[in-house]
Amino acid sequence: MSRVNTVLGPIPAEELGIVAVHEHIGYGMPGSELDTQWWKTPEQRYAETVPKLRKFHEYGGGTFVEVTGICNGRDVDYYKSLSAKTGVHIVACTGFVGGDTALPFFARASVDYLTDHFVHEITVGIGDTGSRAGVIKVGVSRGGRMTELDKRIYRAAARAALRTGVPILTHLAIDAENAIAIFHDEKLPLDRVLFGHADDGVNAEKTRDTWIAEQGGRVGFDTFGYETELEDPPFWARPRKERLDHFLRFIDGHLDKALASADANCSPLGWPGVKGHTVNYLFEDLMPDLRAAGVDEATLTTLFVDNPAAFLTIQA
Ligand SMILES: [Zn+2]
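Note that this is a predicted model, so its numbers are computed, not measured.

Of all the positions in helix H2 (residues 76-86), only Val-76, Tyr-78, Tyr-79, Leu-82, Ser-83 and Thr-86 are classed as buried. Taken down its axis, H2 places every buried residue within 150 degrees of arc, on the same side. Immediately downstream of H2, the backbone of Gly-87 shows phi near 80 degrees, a positive value.

The following block contains the structure:
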């Protein structure tokens, strides 16, 4: 039977509903937890997060895929509590946002060590939480080219994906030739990989989105809502219409490979976050924009229900 690991246990893929495939409950750079000026009480974190997840649920959101890597503030017991209180399925990840966010302990680890660690978190659990990871996060370090460490993490992720049947989700889809070479080398089918952030303002020009799709990879337009129109836009923002048009061009021909999300932070760690941007952009802005552009309900179901379910389903 089709199955997906959530923090409260495995569920049938048919129960995922509408999926936000690349999101964060709380994301911060490694070490931000040591800077006392950014400390938040549990009450503050819940107060910032619960209303966003409740609203997500009210809008019809079913599943929130939390892709904060191992060193970026991942907190699985907290996700379990949020899921139980709000009714939103939460999928947690193993892996790293990129080589440059892996702390020295992991940065010095071998491919075998990293592989075994990812497999353990997927098949046994993440620490003593009892929760199993449902996706593996990897990414390209700052600089635009995969580093030696990025490549080691990608190789370990590919091996863990093959051993467990759990898919891989990437931070950035630039330098895809090197990533795909590793996946081919490890014989991982590319439909088990979602190449993310194909749409952000910094990398969209450099990302070979249609080429990735033609190789069989899935492509994430997953920074929706980071717009130059925001009050205080981040450096990766992009004009709203430019991103939407890019997405419409992509799904015209590559719908089966497309996934969309907002990459929002419910309660950022070590930084203020981006004001006015939440996961609910998907319901409040993106879906209305798509409908206004003539996208029909069946296509929305493919994008937000069927494609993520196919991606997340553990391959037996
Ligand atoms: Zn992200």
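Before going further, it helps to spend a moment on helix H1 (residues 42-58). Taking 1.5 Å as the rise per residue, H1 with 17 residues should run 24 Å; its terminal C-alpha atoms sit 24 Å apart, in good agreement. At Thr-49, H1 shows its strongest bend, of approximately 25 degrees, with the proline Pro-51 following within four residues. Among the residues making up H1, those that are buried are Thr-49, Lys-52, Leu-53 and Phe-56. In this fold, the buried residues of H1 make contact with strand E4 (61-66) and H2. Backbone geometry just downstream of H1 places Gly-60 in the positive-phi region, at approximately 110 degrees.

Position of Gly-69 among the secondary structure elements: in the loop between E4 and H2. As a C-alpha pair, Gly-69 and Gly-143 span 74 residues in sequence and 19 Å in three-dimensional space. Once residues within four sequence positions are removed from consideration, Gly-69 is found in contact with Arg-74, Cys-93, Gly-95, Phe-96, Val-97, Thr-101 and Lys-137.

Across the sheet, 8 strands lie side by side as E3-E4-E5-E6-E7-E8-E9-E10; this open sheet has parallel pairing. Pairing within the sheet leaves two strands with one partner each, and these edge strands are strand E3 (18-23) and strand E10 (258-260). Direction aside, neighbouring strands of the sheet carry axes that sit 30 degrees apart on average. Contacts from H2 reach E4 and strand E5 (89-95) within the one sheet, and its direction differs from that of E5 by about 165 degrees. On the sheet, helix H8 (residues 240-254) packs against strand E9 (218-221) and E10 and is oriented at approximately 155 degrees with respect to E9.

This part takes up the nonpolar core. In terms of nonpolar packing, the biggest core is built from 87 residues, with Ala-92, Val-135, Ile-136, Ala-157 and Leu-282 touching the most fellow members. Looking at this core element by element, the count peaks at 7 residues for helix H5 (residues 148-164).

On to the packing of H1 against H2, then. Between H1 and H2, whose axes approach to 10 Å, the crossing angle comes to 45 degrees. Taken together, the axes of H1 and H2 are oblique relative to one another. Crossing handedness for the pair H1 and H2: right-handed. Between H1 and H2, the contacting residues are Thr-49, Val-50, Leu-53, Arg-54 and His-57 on the first element and Leu-82, Lys-85 and Thr-86 on the second. The residue inventory of the contact of H1 with H2, partitioned by class, reads 3 nonpolar, 3 polar and 2 charged.

The buried fraction of strand E6 (residues 135-139) is high, at 5 of 5 residues. What you see with E6 is no split at all: Val-135, Lys-137 and Gly-139 on one side and Ile-136 and Val-138 on the other are buried throughout. Strand direction decides the pairing type here: E5 and E6, joined by 3 bridges, are parallel. Among the inter-strand pairings, Thr-94 is bridged to a residue of E6, identified as Ile-136.

Where H5 contacts helix H6 (residues 176-185), the two axes come as close as 9 Å, and the packing angle between them is 40 degrees. On the basis of the axis angle, H5 is oblique to H6. In this structure, H5 crosses over H6, and the sense of that crossing is right-handed. Judged by residue contacts, Lys-151, Tyr-154, Arg-155 and Ala-158 of H5 engage Asn-178, Ala-179, Ile-182 and Phe-183 from H6. Looking at the contact of H5 with H6, its residues break down into 5 nonpolar, 1 polar and 2 charged.

Quick notes on the rules
Residues numbered from 1 in each chain as written. Predicted model: local features only at pLDDT ≥ 70, side-chain atom pairs only at ≥ 80, totals over all residues. Buried ≥ 20, exposed ≤ 12 C-beta atoms within 10 Å, placed from the backbone. Helix = DSSP H or I, 4+ residues; strand = E, 2+ residues; numbered from the N terminus. Arc of directions from axis to C-beta. Expected span 1.5 Å × (residues − 1). Bend = angle between axes of the 7 residues up to and from the residue. Contact = placed C-beta atoms within 7 Å. Pairing = 2+ DSSP bridges. Axes fitted to C-alpha atoms, helices over the stretch in contact; angles between N-to-C directions. Core = buried A, V, L, I, M, F, W, Y, C linked by C-beta atoms within 7 Å. Parallel < 35°, antiparallel > 145°, perpendicular 65-115°, else oblique. Left-handed = near helix turned anticlockwise from the far one by under 90°. Nonpolar A, V, L, I, M, F, W, Y, C, P; charged D, E, K, R; others polar.

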